[in-house]
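# Descriptive structure summary
This is what each chain is made of:
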Amino acid sequence: GRYSYQRFIEEFDRELVKEGFQPVISVDDSETVTPLLAEGQKFRVLYGRVKAFRHKRFPGRKLFVGEVRAFLQRMGIRKNY
């Protein structure tokens, strides 16, 4: 469509380059950051899937949400469930 996230990012990036920003990352930095992002992605995907259950009705939902809340609190993650 006319308005999309991809289009927004492309335009935003063009403006940054136009203003002098040089989007360059060293090979060393890339090799350091890439595995960290990949590792964190597993947690983010799992967290997103678990979080999505807040909006679904299913038998045992109350128990599930309570257990997830307790688990997140034990992990030091303070989110409203």
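Residues numbered from 1 in each chain as written. Predicted model: local features only at pLDDT ≥ 70, side-chain atom pairs only at ≥ 80, totals over all residues. Heavy atoms only, no water.

## Points about the overall build of the protein chain
Note the following rule: Secondary structure elements follow DSSP: runs of H or I no shorter than four residues count as helices, runs of E no shorter than two count as strands, and numbering proceeds from the N terminus. Exposure is judged per residue with a 1.4 Å probe applied to protein chains only, and the accessible area is read against the type maximum: over 50% gives exposed, under 20% gives buried, and values in between give partly exposed. Residue exposure ignores everything except the shown protein chains as possible cover, and the areas themselves are Shrake-Rupley values with a 1.4 Å probe. The positive count covers Lys and Arg only, the negative count covers Asp and Glu only, and His and the chain ends enter neither. Note that the charge is assigned to NZ on lysines, CZ on arginines, CG on aspartates and CD on glutamates.
The number of helices and strands found in the protein chain is three helices and zero strands. Overall, the protein chain shows an N-to-C arrangement of helices and strands of α-α-α. Projected onto its principal axes, the C-alpha positions of the protein chain cover 55 × 35 × 15 Å. Scored against the burial criterion, the 81 residues of the protein chain give a buried share of 7%. Accessible area of the protein chain: about 7,700 Å², with a carbon and sulfur share of 58%. Counting 17 positive and 10 negative side-chain charges, the protein chain places the centres of these two groups 19 Å from one another.

## Looking at the pattern of salt bridges
So the rule is basically this: For salt bridges, the criterion is a side-chain nitrogen of Lys or Arg within 4 Å of an Asp or Glu carboxyl oxygen.
The final tally for this structure, using the stated rule, is two salt bridges. As a salt-bridge pair, Glu-11 and Arg-7 come within 3.4 Å of each other at their nearest N and O atoms. One end of the pair is Glu-11 and the other is Arg-7, both in helix H1 (residues 5-18) and four residues apart, which spans about a single turn. A relative accessible area of 39% means that Glu-11 is categorised as partly exposed. Given a relative accessible area of 41%, Arg-7 falls into the partly exposed group. Close ionic contact of Glu-15 with Lys-18 constitutes a salt bridge, the shortest N to O distance being 3.6 Å. Here Glu-15 pairs with Lys-18, and both are found in helix H1, just three residues apart, close to one helical turn.

## Here's the deal with the confidence of the model for the protein chain
Basically, it comes down to this: A score between 0 and 100, pLDDT records how confident the predictor is in each residue.
Here the protein chain shows a mean pLDDT of 84. Residues at 70 or above account for 94%. Between the elements of the protein chain, mean pLDDT differs from a low of 84, seen in helix H3 (residues 61-74), to a high of 91, seen in H1.

## Brief notes about the environment of Ser-30
Here is the rule we go by: Residues are treated as being in contact if the distance between any of their heavy atoms lies within 4.5 Å.
Positionally, Ser-30 belongs in helix H2 (residues 27-52). On the basis of relative accessible area, Ser-30 is assigned to the partly exposed category, the value being 29%. Separated by 26 residues in sequence, Ser-30 and Lys-56 have C-alpha atoms that sit 39 Å apart. Apart from the residues within four sequence positions on either side, Ser-30 is in contact with Ile-25 and Pro-35.

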